[in-house]
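Letter by letter, the chains look like this.
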Amino acid sequence: MSVALRCWQQTGNVITFMNIFAMKSKVPQKQKLLKSSEASEDSLQNLVFSVIESNPVSLQVIDCHGNHLLENQAFRNLFGSSPNDDYNILNDSEYNRLQLTSEILKALRGRSIHLPNILYHPANVFEVTESPRIQFDLVLTPVKDATGDIEYILATHVNLPNFKIRETKQKEYQNHFRSQFDSIQEGLYQSDLHANFTAINRTGAEILGYDDPEELINGKIRTLDLFLDRGDRELMISFVREQGYVRNFVFHASKKDGTKIWIEATVNSRINKSGKIIGFEGIFRDITKRKNTERQIVDLKDFNESIVRNAPIGILTADLNGAITSANPALIQLLGSPGEEATKKLNLFTLPELRQAGFDKVFRKVLSDGEPIEFETEYTSHWGKMSYVWFRVVPRVDELGNITGLIAIIEDISQRKLAENQVIHKQRELERLLYTISHDLKTPLIAVNGFAKILGRDYASVLDDQGRNYLEFIQQGAQRMESLIKDLLEFSRLGEIKCEFRNENSIEIIMMAVREVQYLLDEKKIELIIQAKKFPQIQCDRQRIIQLIINLLTNAIKFTGDNSKPRIEIGYAELPEYHQFCVIDNGIGIEQKHQDKIFRIFQTVEQNPKYSQSTGVGLAIVKRISENHGGKAWVESEPGKGSAFYFSIRRKQSLTSE
């Protein structure tokens, strides 16, 4: 902005406002101006002075040599004070720093000069302390005398509106932007055309192993230096050159300490207003954990595929329509298919040999119910080979629990079934032999026992003490032999007689067994406790379970030991697939090394001579009956602390029709 304020006398001579303004100055130069001026009217002087002083624009008057002469109130408000009388603008350090002195001298050739946006430090120019930094436009206008020579210079300073506020806001915005820039959880960067980092946020620096982003900026590290594989680097460069960007580019990089990491980056070209590429910018992240996880998944998949492919059992997968989607070599061989591709063209619902075996119904049931099915059955392949197979079908589900297909596992167990059948056959032969031997031994044993009783009754007076002892040994041996034969006959019958399963009240079965041994409990004054408040309905062979419980009770009674307060408890626990019963005593107990042995036929633990009358068959019968009911029998015991005998039976049996 240029301000021209001049007054004319009647003679037409130009009197600058400087002449008038000088009337109030104490500076010698001003007094000379006042004397050299023609007399002016006071009213005109006051008017001009008032206009100058009250002008909202900062005004300063200097002579042609740069010396300060006058200033108005707006100047003092802007700069905070009036300069010293000996202040010279051409010698000011700030003007010299900004290289404005020579420009001012060149410009003062009869025209005004506009120097915009000069950053000015009043503290360096004037004797003012703690003055804030200001910004203004400087306009210098030469004021000439009547002859055309430059006599004075009028300087106007136009303060840029709200500069301080804008500067503060700009700093706040810059700080906020920097904070947001650094807080982003992915790396952000800019680089020049030579791949030198010009900016990078803190997250990006940390990803690359640097504590301070400044370690990477201004040529210290190039973006292309991060690539470990030259081929990756060249590929990224070619992408950016051809299309101006690259998306989700993955490459192997090196951190500051040499650690290798995987980086995924998106890079764009930076273009100026004229469309020229001036650099690059991008976003990147460390995906090392993701890559390691992907590698583990691939390795696990390969491992699983290797197991499936080399498994000796057949494994296949199928979709909801029954179409086979995969099959391992063992399954292909079992089906008799010519190969994997041919197998994948088969359908589980329509394959004749599978339908003939009823497998198609199993597949449909698994898909509809979502429950696995397992069984053993005979299977004949399409070329006529008959096999006995173990079969298990389970549903395939996705992450949401939706059934998407099924998995079938088929194992040829023909050899195992053959061996099992041979064992069963041998076992039955042995049982028949035991039955025959036991039955045939009964007749001579009865004779021996009978004649021993007659001899003791009729000839006792003839025999001496040693003879009578021998006779007692004969009778005890005969009784033991009779007990053993009885147990053998019972054990052999377990394999000959098929169990008849019916719904029974378990507490009634227990009480019937207790009545059979009540006289023994009373004889030894044993306390009997029935723990369970409610015994369930069970599916079992009534007589067999009664016999099982009697055997356990007699075993507990036999081994009560010298306990002054013998006790036997009968308890029950409900399991998901089984009923579990227990008979607990506080007798002599059993060492752990003997706990499996006692369930084998003819196996006894001779811990004390007084317990040697055991035949070693009773607990074997317990085990056999429990297994015939789909369960098992076992013992938990510790010497001197009693024993807990458990047996279980399957909750669901094949009921015998009433």
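One can find the structure itself at the top, above this paragraph.
Just so you know, these numbers come straight off a predicted model, no measurement behind them.

S.K.: Explanation requested: the side chain of H68 in the structure shown.
M.R.: Looking at where H68 falls in the secondary structure, it is placed in strand β4 (residues 68-71). Of the polar contacts made by the side chain of H68, one reaches the side chain of Q60; its length is 3.0 Å. If we skip the residues at most four places from it in the chain, H68 touches Q60, V61, I62, P83, N84, D85 and Y87.

S.K.: Quick question: what am I supposed to make of the sheet that holds strand β11 (residues 260-271) here?
M.R.: Strand pairing in a sheet is mediated by backbone hydrogen bonds. Such pairs are either parallel or antiparallel. A sheet is described by the order of its strands in space; here 5 strands give the open sequence β9-β8-β12-β11-β10, paired in antiparallel fashion. The open sheet has two edge strands, β9 (197-200) and β10 (245-254), and neither has a second partner. Averaged over neighbouring strand pairs, the angle between their axes works out to 25° when direction is ignored. By the bridge criterion, 9 bridges tie β11 to strand β12 (residues 277-286) in an arrangement that is antiparallel. By the bridge assignment for β12, V267 is matched with G282. Where helix α10 (residues 230-243) meets the sheet, its contacts fall on β10, β11 and β12, and the angle it forms with β10 comes to roughly 165°.

S.K.: In this structure, what is going on with the packing of aromatic side chains? I would like to understand it.
M.R.: Within a pair of aromatic rings, the relevant descriptors are the distance that separates the centres and the angle that separates the planes. Inspection of every chain in the model, using the stated rule, returns 15 aromatic pairs. Centroid distance W634 to Y646: 5.3 Å. Interplanar angle 10°. Geometry classified as stacked. Of the two residues, W634 sits in strand β23 (residues 633-637) while Y646 sits in strand β24 (residues 643-650), which places them 12 residues apart along the sequence. Assessed through its relative accessible area of 22%, W634 is described here as partly exposed. A relative accessible area of 17% places Y646 in the buried class. If you follow K291 out to its NZ or CZ, it ends over the ring of W262, 4.7 Å from the centre. Here the guanidinium or amino end of R364 rests over the ring plane of F349, the centre of that ring lying 4.0 Å away.

S.K.: Can you help me understand a nonpolar patch on the surface in this one?
M.R.: Together, L193, I271 and I277 make up a nonpolar patch on the protein surface, roughly 280 Å² of accessible area in all. Position of I277 among the secondary structure elements: in strand β12.

S.K.: Please explain the sheet that holds strand β16 (residues 386-397) as it appears in this structure.
M.R.: Read across the open sheet, the 5 strands follow the order β14-β13-β17-β16-β15; overall the sheet is antiparallel. Only two strands of the sheet have a single partner each, and these edge strands are β14 (324-327) and β15 (373-380). Strand-to-strand twist of the sheet, defined as the mean angle between neighbouring strand axes without regard to direction, takes the value 25°. Where strand β13 (residues 314-319) meets strand β17 (residues 403-412), 6 bridges bridge the pair, whose relative direction is antiparallel.

S.K.: I'm lost on a negative patch on the surface in this one. Help?
M.R.: On the surface, E206, D211, D212 and E214 cluster together to form a negatively charged patch. Within the element layout of this structure, E206 appears in helix α9 (residues 202-207).

S.K.: In this structure, what is going on with the pattern of salt bridges? I would like to understand it.
M.R.: A side chain with one charge may pair with a side chain of the opposite charge, provided their charged atoms come close. Under the definition given, this model contains 21 salt bridges. K365 is paired through a salt bridge with D369; the nearest N and O atoms lie 2.8 Å apart. Here K365 and its partner D369 are both found in helix α15 (residues 359-369), 4 residues apart, which amounts to about one turn of the helix. When its relative accessible area of 44% is taken as the criterion, K365 is described as partly exposed. Overall, the relative accessible area of 43% leaves D369 in the partly exposed class. R457 is the partner of D458 in a salt bridge, and the nearest nitrogen-oxygen pair spans 3.0 Å. Accessibility expressed as a relative area gives 43% for D458, which makes it partly exposed.

S.K.: Is there a simple way to explain α10 in this structure?
M.R.: Between its terminal C-alpha atoms α10 stretches 20 Å, which fits the 20 Å expected from 14 residues at 1.5 Å a residue. What α10 keeps buried is the set D232, R233, M236, I237 and V240. Along the axis of α10, the buried positions cluster into a sector of 135°, meaning they face one direction only. Exposed residues lying more than 90 degrees from the buried face of α10 are R230, R241 and E242. One side-chain oxygen of the residue at the start of α10 lies 2.7 Å from the amide nitrogen of G231, identifying that residue as D229. Backbone geometry just downstream of α10 places G244 in the positive-phi region, at approximately 85°.

S.K.: Honestly, the packing of helix α19 (residues 542-558) against helix α20 (residues 618-628) in this entry has me stumped. Any pointers?
M.R.: Packed helices, taken two at a time, are described by the angle their axes make and the gap between the axes. Direction vectors running N to C along α19 and α20 enclose 145°, while the axes themselves pass 9 Å from each other. The two elements α19 and α20 meet at a crossing, and its hand is left-handed. On α20, the residues touching R544, I545, Q547, L548, N551, L552 and N555 of α19 are G618, L619, I621, V622, I625, S626 and N628. Among the residues forming the contact of α19 with α20, the class breakdown is 7 nonpolar, 6 polar and 1 charged.

About the thresholds
- Position labels on residues start from 1 in each chain and follow its written sequence.
- Residues qualify for local features only when their pLDDT is at least 70, as the model is predicted, and side-chain atom pairs are given and counted only at 80 or more; totals for whole chains, interfaces and linings, by contrast, use all residues.
- To obtain the side-chain values, all non-hydrogen atoms of the structure were included, while hydrogens and water were left out.
- Helix and strand assignments follow DSSP, with helices taken as H or I runs no shorter than four residues and strands as E runs no shorter than two, numbered in order from the N terminus.
- Think of a polar contact as two N or O atoms within 3.5 Å of one another; within protein, one of them needs to be a possible hydrogen donor and the other a possible acceptor, and neighboring residues in sequence only count if both atoms come from side chains.
- Contacts: residue pairs with any heavy atoms within 4.5 Å of one another.
- Strand pairing requires that DSSP identify at least two bridges connecting the strands.
- Under this scheme, a helix contributes an axis fitted over its contacting stretch, all axes are lines through C-alpha atoms, and angles between N-to-C directions fall in the 0 to 180 degree range.
- Between 30 and 60 degrees the pair is tilted, below 30 it is stacked and above 60 it is edge-to-face, where a pair is any two Phe, Tyr or Trp rings, Trp via its six-membered ring, whose centres lie within 6.5 Å.
- Residue exposure (1.4 Å probe, protein chains only): buried if accessible area is under 20% of the type maximum, exposed if over 50%, otherwise partly exposed.
- Counted as over-ring charges are cases with an Arg CZ or a Lys NZ within 6 Å of the ring centre that also lie within 35 degrees of the ring normal.
- Like-charged residues within 9 Å of one another, or nonpolar side chains (Val, Leu, Ile, Met, Phe, Trp, Tyr) within 5 Å, are grouped into patches, provided each residue has over 30% relative accessible area and no salt bridge.
- Throughout, the Shrake-Rupley method with a 1.4 Å probe supplies accessible areas, and for residues the shown protein chains are the sole cover considered.
- Salt bridges are defined as contacts in which a side-chain nitrogen from Lys or Arg sits within 4 Å of a carboxyl oxygen from Asp or Glu.
- Counted as positive: Lys and Arg. Counted as negative: Asp and Glu, with His and the chain ends omitted from the count.
- The atoms used to mark charge sites are NZ of Lys, CZ of Arg, CG of Asp and CD of Glu.
- What a helix is expected to span follows from its residue count: subtract one and scale by 1.5 Å.
- By arc we mean the arc of the directions from the helix axis to the C-beta atoms, nothing more.
- Left-handed describes a crossing in which the near helix is turned anticlockwise from the far one by less than a right angle; the clockwise case is right-handed.
- The residue classification treats Ala, Val, Leu, Ile, Met, Phe, Trp, Tyr, Cys and Pro as nonpolar and Asp, Glu, Lys and Arg as charged. All others, Gly included, are polar.

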